[in-house]
Amino acid sequence: MRDQFPFLPDNADAAKKGLIKYLARQGGSCPIADLHTFSTARFAAGHQAFSALMEWLVADELLMYDGSTFHLTDKGLALSKTMLF
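Treat the numbers as computed from the prediction; the structure is a model and nothing was measured.

Novice: Sorry if this is basic, but what is going on with the pairing of strand β3 (residues 69-72) here?
Specialist: The side chains of a regular strand alternate, residue by residue, between the two faces of the sheet. Residues Thr69 and His71 of β3 are buried on one face, and the alternating residues Phe70 and Leu72, pointing to the opposite face, are buried as well. When strand β1 (residues 29-31) meets β3, the two strands line up antiparallel, connected through three bridges. In the strand pairing of β3, Ser29 is matched with His71. Relative to β3, strand β2 (residues 63-65) runs antiparallel, the two being bridged by three bridges. Bridge pairing in β3 places Tyr65 opposite Phe70.

Novice: Would you explain the nonpolar core in this entry?
Specialist: For soluble globular proteins, the rule of thumb is that nonpolar side chains tend to be buried together. Of all hydrophobic cores here, the largest spans 25 residues; its most connected members are Leu8, Leu19, Leu35, Leu53, Met54 and Leu63. Looking at this core, the elements with two or more residues in it are α1 (12-25), α2 (32-43), α3 (48-59) and β3. Among the elements that make up this core, the one with the highest residue count is α3 (seven residues). Met54 has contacts with Leu19, Leu35, Leu63 and Phe70, leaving out every residue within four places of it along the chain.

Novice: Sorry if this is basic, but what is going on with the sheet that holds β2 here?
Specialist: Hydrogen bonding along the main chain pairs the strands of a sheet, whether they run parallel or antiparallel. Spatial ordering of the open sheet is given by β1-β3-β2, a layout of three strands whose pairing is antiparallel. At either end of the open sheet lies a strand with only one pairing partner, and these are β1 and β2. Within the sheet, the average angular offset between the axes of one strand and its neighbour, ignoring direction, is 20°. Sheet strands touched by α2: β1, β2 and β3. Its angle to β1, the strand with the most contacts, is close to 90°.

Novice: Would you take a moment to explain the environment of Phe70 for this structure?
Specialist: Locating Phe70 in the fold gives a position in strand β3. Separated by 42 residues in sequence, Phe70 and Gly28 have C-alpha atoms that sit 8.3 Å apart. Non-local contacts of Phe70, meaning those with residues more than four positions away in its chain, are made with Leu23, Gly28, Ser29, Cys30, Ile32, Leu35, Phe50, Met54, Val58, Leu63, Met64 and Tyr65.

Novice: So what exactly am I meant to see when it comes to the packing of α1 against α3 here?
Specialist: The relative placement of two packed helices is expressed as an angle between their axes plus a distance between the axes. For the pair α1 and α3, the least separation of the axes is 11 Å and the interaxial angle reads 70°. When the axes of α1 and α3 are compared, the pair comes out roughly perpendicular. Of the two elements, α1 crosses α3, and the hand of that crossing is right-handed. Touching Ala12, Asp13, Ala15, Lys16 and Leu19 of α1 are Leu53, Met54, Trp56 and Leu57, all from α3. Classifying every residue of the contact of α1 with α3 gives seven nonpolar, no polar and two charged.

What counts and what doesn't
- Residues numbered from 1 in each chain as written.
- Predicted model: local features only at pLDDT ≥ 70, side-chain atom pairs only at ≥ 80, totals over all residues.
- Heavy atoms only, no water.
- Buried < 20%, exposed > 50% of the residue type's maximum accessible area, 1.4 Å probe, protein only.
- Helix = DSSP H or I, 4+ residues; strand = E, 2+ residues; numbered from the N terminus.
- Pairing = 2+ DSSP bridges.
- Core = buried A, V, L, I, M, F, W, Y, C linked by side-chain atoms within 4.5 Å.
- Contact = heavy atoms within 4.5 Å.
- Axes fitted to C-alpha atoms, helices over the stretch in contact; angles between N-to-C directions.
- Parallel < 35°, antiparallel > 145°, perpendicular 65-115°, else oblique.
- Left-handed = near helix turned anticlockwise from the far one by under 90°.
- Nonpolar A, V, L, I, M, F, W, Y, C, P; charged D, E, K, R; others polar.

The analysis is restricted to geometry; functional conclusions fall outside its scope.
Below is the structure:
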């Protein structure tokens, strides 16, 4: 994973779970600006780290990006249901 996404933060797994949970609490979709703000505040993952996280989650087919908003995919939604909120 790190070789494909070298700018992932050290807490990438925790950030992944947190972002998936946050999106689920938002109804499955969130504008990029709001998600970036949450990521930066909660996981100290801004700019390159945020981009790497989002690319990783899209590549894993957990999220879909439409140019302005991230959406949980069916796979991402299923994963969110296995997590404690």
